[in-house]
Amino acid sequence: MTDRRTGERGMALALAIFALVVVGALVAAAFVAGHIEQRTGRGTLYAAQAADAAEAGAAQTIADWGALGLNSLAPGATAALPQVTVAGRSAFKPAVTRLNDQLFLVQSLGTRGNAGGGTLARRTVAIVARLASLGGGPEAALTVAAPVDVGSQVVISGTDSLSMRGGALDCAPGHERPALLKVGASSTAFAMFGEVSFDELKAHAGIVLPDTTLNSAPHPTVAATRQTCDGADPSNWGEPRRSAMSVEACKRYFPIVYARGPRLTIAAGGRGQGVLLVEGDLDISGDFDFTGLIVSRGGIRMSGSRTRVTGAIMAAGADGRNVVAGTTTIQYSSCALKEALSGAAFAEPLGQRSWVQVY
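A brief structural summary.

Analysis parameters
Residues numbered from 1 in each chain as written. Predicted model: local features only at pLDDT ≥ 70, side-chain atom pairs only at ≥ 80, totals over all residues. Heavy atoms only, no water. Helix = DSSP H or I, 4+ residues; strand = E, 2+ residues; numbered from the N terminus. Buried < 20%, exposed > 50% of the residue type's maximum accessible area, 1.4 Å probe, protein only. Contact = heavy atoms within 4.5 Å. Areas by Shrake-Rupley, 256 points an atom, 1.4 Å probe, with all protein chains shown as cover. Pairing = 2+ DSSP bridges. Patch = residues over 30% accessible without salt bridge, like charges linked within 9 Å, V, L, I, M, F, W, Y side chains within 5 Å. Salt bridge = Lys/Arg side-chain N within 4 Å of Asp/Glu carboxyl O. Axes fitted to C-alpha atoms, helices over the stretch in contact; angles between N-to-C directions. Lys, Arg positive; Asp, Glu negative; His and termini not counted. Polar contact = N/O pair within 3.5 Å; in protein donor to acceptor, adjacent residues only side chain to side chain. Disulfide = S-S within 2.5 Å. Expected span 1.5 Å × (residues − 1).

### Some points on the overall build of the protein chain
Secondary structure assignment for the protein chain yields 4 helices and 27 strands. Each of the 359 residues in the protein chain was classed as buried or not, and the buried ones make up 43%. In the protein chain, the share of contacts with a sequence separation of at least 24, taken over all contacts with a separation of at least 6, comes to 56%. Accessible surface for the protein chain amounts to roughly 17700 Å². Of this, 56% is attributable to carbon and sulfur atoms.

Structure (structure tokens):
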């Protein structure tokens, strides 16, 4: 009788090969799936890193609001800011577009690169921000909370003026205000400016001074590399003059200057514009020319030979240490206040629906 198994010779080998092919296919599929999943995970990580960089760029642009270049943008104009590299190989590049007088669109492109400089992922976010309103300033040339001694050669004028040293302000006149607001002004008058508090203003100061005597005069400076106003120089307080010899590049620079110590002494004169906040007492001597708003939580002593303030001064001076002497002139100007306060304003996100991921 014939053995049936003789016809089945080689089946074991065929089955083994088939099993190896199936197992190999399963292993290969597992490796492919794992590789795709790994690449997907890396792509998701790179996209998240790019999105984080984009959000960091938008937040930093608003936190470090460059009032010098951004507040003077015309509606519809866009300012492209420099690219900044953050942790690892991530970077962001912001751009700010002015929508109208108050609103800005802050866009930030975040990227995640590789070692060769290529881009692995990119994301863009946008925030709608508005300028914080600092109000129109005080209602008088000089506002005090305690009595003030005024010298015989001092001029305190409440007539709304457009004039500055060497030129005129570029806005319409207002109306006459009191030269000196009533003594004993409420403490709240020194705490809120429009919708912004004193503490919020000082938190956004671009120049912070310690308890010090300024023996070098503040003056406008120009960055040599780009011939633009040097906002990084703490001695640059802008250009308040409007004459042929003034520094043209700094006429639109209105910094917030904050003196955090118990006393600020301006001994060497100088000039500037914007908002000067003094935590303690303020002493001014010499030829000091300032346009804008000066706020002192302490008292003021002004004894300069040719000191001139165009705009307004506010001094709490609750201990009665206010003295204005020498040949000082304090000239009220709603125009100067408007320019200084709008020029120094900072942006903040809208309260609702301000953030969006563009792509």
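Picking up where we left off.
### Remarks on the pairing of strand 19 (residues 270-278)
Among the 9 residues that make up strand 19, 9 are buried, leaving the element largely enclosed by the rest of the structure. For strand 17 (residues 256-259) and strand 19, the ladder comprises 4 bridges, and the chain directions are parallel. Within the sheet, the bridge partner assigned to tyrosine 258 lies in strand 19 and is leucine 277. The sheet contact formed by strand 19 and strand 21 (residues 288-296) spans 9 bridges and is parallel. For valine 278, the partnering residue across the bridge sits in strand 21 and is serine 296.

### Focus: a nonpolar patch on the surface
A cluster of nonpolar residues, Leu13, Ile17 and Val21, forms a patch on the protein surface that exposes about 300 Å² of accessible area. Within the secondary structure, isoleucine 17 sits in helix 1 (residues 11-63). Owing to a relative accessible area of 44%, isoleucine 17 belongs among the partly exposed residues under this scheme.

### Looking at the sheet that holds strand 18 (residues 263-266)
In spatial order, the strands read 7-24-22-20-18-14; together these 6 strands make up an open sheet with parallel pairing. Of all the strands in the sheet, the pair left with one neighbour each is strand 7 (148-150) and strand 14 (212-214). With direction set aside, neighbouring strand axes in the sheet form an average angle of 10°. Direction of pairing for strand 22 (residues 300-302) relative to strand 24 (residues 322-324): parallel, over a ladder of 2 bridges. By the bridge assignment for strand 24, methionine 302 is matched with valine 324.

### Some remarks on the side chain of arginine 98
Mapped onto the fold, arginine 98 is located in strand 3 (residues 90-98). The charged side chain of arginine 98 is buried without a salt bridge, its nearest counter-charge being aspartate 101 at 5.1 Å. A polar atom in the side chain of arginine 98 sits 3.0 Å from the backbone oxygen of asparagine 100. Reaching out from arginine 98, the side chain makes a polar contact with the backbone oxygen of aspartate 101 at a distance of 2.6 Å. With sequence-adjacent residues up to four places away left out, arginine 98 is seen in contact with Leu70, Asn71, Ser72, Leu73, Ala74, Pro75, Gly76, Ala77, Leu103, Phe104 and Leu131.

### As for the pairing of strand 18
In terms of strand pairing, strand 14 meets strand 18 through 3 bridges, oriented parallel. Bridge assignment links threonine 213 to a residue of strand 18, and that residue is threonine 265.

### Quick look at the state of the cysteines
Taken as a whole, this structure holds 1 disulfide when the rule is applied. Each sulfur of the disulfide joining cysteine 229 and cysteine 250 lies 2.2 Å from the other. Here the disulfide of cysteine 229 and cysteine 250 is right-handed, its torsion about the S-S bond being about 105°. With cysteine 229 in strand 16 (residues 228-229) and cysteine 250 in the loop between strand 16 and strand 17, this pair connects stretches of sequence that are 21 residues apart. For cysteine 229, a relative accessible area of 7% translates into the label buried.

### A look at helix 1
Under the 1.5 Å per step criterion, the end-to-end length of helix 1 is 76 Å for 53 residues, consistent within 8% with the ideal 78 Å. Tucked into the core, helix 1 has its buried residues touching strand 3, strand 4 (103-113), strand 5 (119-131) and strand 26 (347-349).

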